[in-house]
Amino acid sequence: MNNYWWKVLAVLLLLYSIVMGLLGPVPALPIVNETIRNVYFHVPMWFTMFTLYTISVVYSIKYLSSANPRHDFVAVESVNVGIVFCIFGLLTGMLWANFTWGAPWPNDPKLNGSAIGTLMYLAYLVLRNALEEEQKRARISAIYNIFAFPIMIVLMYILPKTTDSLHPGAGGNSGFGEFDLDGSMKAVLYPGAIGWILIGVWVMTLRFRTRKMEYKNDTATP
Amino acid sequence: MQTLNAVRSLIRKDIILEWRSKYAINGIVLYVVSTVFVCYQAFKSVDPTTWNALFWIILLFASINAINKSFVQESRGRQLYYYTIASARAVILSKIIYNMLVMLLLSSIAYLVYSIIFHNPLGDPLLYMVVVALGAIGFAAVFTMVAAISAKAGNNSTLMAILSFPIIIPMLLVLIQVSKNAMDGVERSTSYDELIVLGAINIITVAISLLLFPYLWRD
């Protein structure tokens, strides 16, 4: 029980956010109407992606100082799972944009920034494939990962704030918090976000353990 | 102090090596001039937005080609020798500064040729030149580290492009925006935010390069 309480918590939080997200009260607003419920699913994807990329960069730094292959496995699996959440975030966002902004891909700095950020992490995976030797691969890709992380932050979180964006909270648009007067949406959004983050970390640990076993099999002397 | 001396003599060595052969710099200058000319032949006359974007694209490819070579032109044995006489930080710092000098020269030549062949009025030439200089320095800072990484990974030019394009895009977006402001002759105070972002990206990339390169060079 000690080890998997957070997995139970993740499932419960997700159930809560899905049920409350689809049935709970939301403010009636023009244009967005009921699609505002998408905020419970779209925003947590980005929180999860960001958490996983942060875990990845922390473990890349750890790898550089320890040269322990396990740290490298955590870093690469975090990026793998983070990219999946990034794609989910883009898909939910495109669905939403199609309803409210009229097109699945309007020319918005945040959209373009996250697409380019994804390219950067795909490049990280390509770089890993280009290197044969395991230790060299782990070290060089860790270096690229650390190098790319601050640029990803600039792309996704700093540049969209300075230019005009369709997203709330940027370019003179009012932030999301102003629509949510009584805090009932926050009560669903934040638990849901924690639930998704825990799910993301769970999937990452599963993939990490698989990779660790494969590594043990490969290196074991017959 | 010792590092500074090492950096200075390494930069001198790079400049002397380049001066002896004049191969890389001439090749790149020829590359820039012919690209500008091809663009001129293809477009004849363009509107200001395209003029600006085209200039940055030419500069982007020229700088990738110029900096791509910076870690492979010297043999492994000679690089080992540098690492025994100077710290890894001095090596990367000297490469970054040398590439910045090359890029400044290259971008000023590109700008001259481009503005002579493709005539286009500029609203605020001084600000435009400052932006070009900042862009050249920024390209050098980012691409030097990426060139070091791709040199370790067998140095194919595809890898260099894949690794560097996503990383350079934020800087390129800011550069195109500020230089457009300079072209239109907008009030300078509107561009201060972007200039600060540019400076910050430059400082961050140089700092991270200094931190990470010591891990990169050993095999």
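Residues numbered from 1 in each chain as written. Chains lettered and ligands numbered in written order. Predicted model: local features only at pLDDT ≥ 70, side-chain atom pairs only at ≥ 80, totals over all residues.

Trainee: Could you give me a rundown of the overall build of chain B, with the residues and numbers involved?
Mentor: When you go through chain B residue by residue, the secondary structure sums to 8 helices and 0 strands. Helices and strands in chain B line up, N terminus first, as α-α-α-α-α-α-α-α. For a compact globule of 219 residues, the expected C-alpha radius of gyration is about 17 Å, and chain B comes in at 18 Å, within 12% of that figure. Principal-axis analysis of the C-alpha atoms places the extent of chain B at approximately 55 × 35 × 30 Å. The burial tally for chain B puts 42% of its 219 residues in the buried class. (Helix = DSSP H or I, 4+ residues; strand = E, 2+ residues; numbered from the N terminus. Rg over C-alpha atoms; globule rule 2.2 N^0.38 Å. Buried ≥ 20, exposed ≤ 12 C-beta atoms within 10 Å, placed from the backbone.)

Trainee: Describe the overall build of chain A, naming the residues involved and giving the relevant values.
Mentor: On a plain count of helices and strands, chain A comes out with 6 helices and 0 strands. Written out in order from the N terminus, the α and β elements of chain A read α-α-α-α-α-α. The principal-axis extents of the C-alpha atoms in chain A amount to approximately 65 × 45 × 25 Å. By sequence separation, contacts in chain A at least 24 residues apart represent 74% of the contacts at least 6 residues apart. (Contact = placed C-beta atoms within 7 Å.)

Trainee: Before we move on, can you summarise the nonpolar core with the specific residues and values?
Mentor: Core analysis: the biggest nonpolar cluster contains 120 residues, and B:Ala140, B:Ile149 and B:Leu163 have the highest contact counts within it. Ranked by residues supplied to this core, first place goes to helix 6 (residues 125–152) of chain B with 17 residues. Ignoring any residue separated from it by four or fewer positions in sequence, one finds B:Ile149 in contact with A:Ile140, A:Ile143, A:Tyr144, B:Leu163 and B:Leu216. (Core = buried A, V, L, I, M, F, W, Y, C linked by C-beta atoms within 7 Å.)

Trainee: Could you give an account of the interface of chain B and chain A, with specific residues and numbers?
Mentor: Each partner contributes residues to the interface: chain B has 20 residues there, and chain A has 22 residues. Contributions of two or more residues to the side of chain B that touches chain A are made by helix 6, helix 7 (157–184) and helix 8 (192–217) of chain B. Considering each element in turn, the side of chain B that touches chain A owes the most residues, 8 residues, to helix 7 of chain B.

Trainee: Now, about the environment of A:Phe47: what can you tell me, with residues and values included?
Mentor: All names here are of chain A. Its location among the elements puts Phe-47 in helix 2 (residues 39–66). Separated by 11 residues in the primary sequence, Phe-47 and Ile-36 place their C-alpha atoms 18 Å from one another. Not counting residues up to four positions away in its chain, the partners in contact with Phe-47 are Ala-193, Trp-196 and Ile-197.

Trainee: Please set out the confidence of the model for chain B residue by residue, giving values where relevant.
Mentor: Residue and element names in this part refer to chain B. Per-residue confidence for chain B gives a mean pLDDT of 86, with 99% of residues at or over 70. Of all secondary-structure elements in chain B, the lowest mean pLDDT belongs to helix 4 (residues 76–85), at 82, while helix 5 (residues 88–117) reaches the highest, 90. For this predicted complex, the interface confidence reaches an ipTM of 0.83, while the overall pTM sits at 0.85. (pLDDT = per-residue confidence, 0-100.)

Trainee: Would you mind going over the packing of helix 5 of chain B against helix 6 of chain B in detail, with residue names and values included?
Mentor: Residue and element names in this part refer to chain B. Interhelical geometry of helix 5 versus helix 6 gives an angle of 140° and a closest axis separation of 8 Å. For the element pair helix 5 / helix 6, the angle class is oblique. Relative to helix 6, the crossing made by helix 5 is right-handed. When helix 5 is examined against helix 6, the residues Lys-95, Ile-96, Asn-99, Met-100, Met-103, Leu-104, Ser-107 and Tyr-111 are found in contact with a partner set consisting of Val-132, Ala-133, Gly-135, Ala-136, Ile-137, Phe-139, Ala-140, Ala-141 and Thr-144. In the contact of helix 5 with helix 6, the residues fall into 12 nonpolar, 4 polar and 1 charged. (Axes fitted to C-alpha atoms, helices over the stretch in contact; angles between N-to-C directions. Parallel < 35°, antiparallel > 145°, perpendicular 65-115°, else oblique. Left-handed = near helix turned anticlockwise from the far one by under 90°. Nonpolar A, V, L, I, M, F, W, Y, C, P; charged D, E, K, R; others polar.)

Trainee: Let's hear about the environment of A:Ala138: which residues, and what values?
Mentor: Its location among the elements puts A:Ala138 in helix 5 (residues 134–162). Those residues in contact with A:Ala138 that lie beyond four places of it in its chain are A:Tyr63, A:Pro69 and A:Asp72.

Trainee: Break down helix 3 (residues 69–100) of chain A for me, with residues and values.
Mentor: Relative to the 46 Å expected for 32 residues at 1.5 Å per residue, helix 3 of chain A spans 46 Å between its end C-alpha atoms, a close match to the ideal helical length. Looking one or two residues past helix 3 of chain A, A:Gly102 carries a phi angle of roughly 90°, positive in sign. (Expected span 1.5 Å × (residues − 1).)

Trainee: Please provide a residue-by-residue account of helix 1 (residues 2–21) of chain B, values included.
Mentor: Residue and element names in this part refer to chain B. With 20 residues, helix 1 extends 29 Å between its outermost C-alpha atoms, agreeing within 8% with the 28 Å of an ideal straight helix rising 1.5 Å per residue. Of the positions making up helix 1, those classed as buried are Val-7, Leu-10 and Asp-14. Angular distribution of buried residues about the axis of helix 1 spans 70°; they occupy a single face of the element. Among the exposed residues of helix 1, those oriented more than 90 degrees off its buried face are Gln-2, Leu-4, Asn-5, Arg-12, Ile-16, Trp-19 and Arg-20. Where helix 1 is buried, its residues touch helix 5. At the exit of helix 1 stands Lys-22, carrying a positive phi of roughly 55°. (Arc of directions from axis to C-beta.)

Trainee: How would you sum up the packing of helix 6 of chain B against helix 7 of chain B? Please name residues and give values.
Mentor: Residues and elements named next belong to chain B. Contact pair helix 6 / helix 7: the axes reach a minimum separation of 10 Å and the direction vectors enclose 170°. The pairing of helix 6 with helix 7 is recorded here as roughly antiparallel in orientation. For the pair formed by helix 6 and helix 7, the contact residues are Leu-127, Tyr-128, Val-131, Gly-135, Gly-138, Val-142, Phe-143, Val-146, Ala-147, Ile-149 and Ser-150 on the first element and Leu-159, Met-160, Leu-163, Ser-164, Ile-167, Ile-168, Met-171, Leu-175, Val-178, Ser-179, Ala-182 and Met-183 on the second. Here the residues of the contact of helix 6 with helix 7 are counted per class, giving 18 nonpolar, 5 polar and no charged.

Trainee: Describe unusual backbone geometry, with residues and values.
Mentor: If a residue is not glycine, its phi is most likely negative; likewise, a peptide bond is most likely trans. Within the chain, A:Ala67 stands out as a residue other than glycine whose phi angle is a positive 60°. Inspection of the secondary structure puts A:Ala67 in the loop between helix 2 and helix 3. Of the residues examined, A:Ala67 has 14 C-beta atoms within 10 Å and is grouped as partly exposed. Even without glycine at this site, B:Lys22 takes up a positive phi of about 55°. By the element assignment, B:Lys22 lies in the loop between helix 1 and helix 2 (23–43).

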